[in-house]
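A structural walkthrough
The chain contents come next:
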Amino acid sequence: MTTWLGLNAGHDDPGTADKTAVALYESLLFHAHVVCVHAVGDHHAMSFRLTDDPSENTVSTLIERGYGVAVHHGRLQRLAGPEPLARGALRAAMAHRDRKEGRALRFPGQRSLRGRYGVSDILAFSAIEDVVPHGIKSVDARGDLQPSFVNGRLVLSCD
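Quick look at the structure, then. Within every chain, residues take consecutive numbers counted from 1 along the sequence as written. Two thresholds apply to this predicted model, a pLDDT of at least 70 for residue-level local features and 80 or more for giving and counting side-chain atom pairs, whereas whole-chain, interface and lining totals are computed over all residues. Calculated side-chain values reflect all of the structure's heavy atoms, with hydrogen atoms and water omitted.

With respect to the pattern of salt bridges
- The working definition used for a salt bridge is a side-chain nitrogen of Lys or Arg within 4 Å of a carboxyl oxygen of Asp or Glu. Taken as a whole and judged by the stated rule, the model has five salt bridges.
- Where Glu 56 meets Arg 78, a salt bridge forms, and the shortest distance between an N and an O atom there is 2.7 Å. Here Glu 56, found in helix α2 (residues 56-64), pairs with Arg 78, found in strand β5 (residues 76-80); they are 22 residues apart in sequence, far enough to count as distant.
- For the salt bridge of Glu 83 with Arg 87, the shortest nitrogen-to-oxygen distance reads 2.6 Å. Of the two residues, Glu 83 and Arg 87 both sit in helix α3 (residues 83-97), four residues apart, roughly one turn of that helix.
- Here the term buried applies to any residue with accessible area under 20% of the maximum for its type, exposed to any over 50%, and partly exposed to those in between, with areas from a 1.4 Å probe on protein chains only. What makes Glu 83 partly exposed here is its relative accessible area of 47%.
- By relative accessible area, Arg 87 is classed as partly exposed at 47%. Each helix is a run of DSSP H or I of at least 4 residues and each strand a run of E of at least 2, with the numbering of both proceeding from the N terminus.

Here it is as structure tokens:
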């Protein structure tokens, strides 16, 4: 089963949302497979793809920290926290689930991408499904690639 967890603290700055999402991944949500940041109206929210529902303890901790929380796995399981933030959290979770939008900060295969890699290796050994513009032969990964969901695919833009 896949669960999408949306979190929204109303971050105005995408850099702050990025740091918060990574910090949550490194502490409370370390079992997430994909971590994304999404533009939600005039601010940025986060989403996490999990293989299991977050524990009640985890959800309670996030609510206590002031996050809007949305837990979704096929159907909405829970919406909690301040109502406007919870709505934004749900938008982030749905964008991730539908692979419509979102910049991936953590994704399968990312840790192995350090240095210069051929596009074919990036496509073979990571969750990245496309590299644009087409025709690029290699990418200097430096371990900090941030592909985005575009039309249902995880796309690395090298513009």
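Things to note about the pairing of strand β4 (residues 68-72)
- Along β4, five of the five residues are buried, which leaves the element largely enclosed by surrounding structure.
- Here the rule is simple: two strands pair whenever DSSP picks up at least two bridges between them. Both strand β1 (residues 3-11) and β4 contribute to a ladder of five bridges, which runs antiparallel. Note that in β4 the partner of Trp 4 across the bridge is His 72.
- Strand direction decides the pairing type here: β4 and β5, joined by four bridges, are antiparallel.

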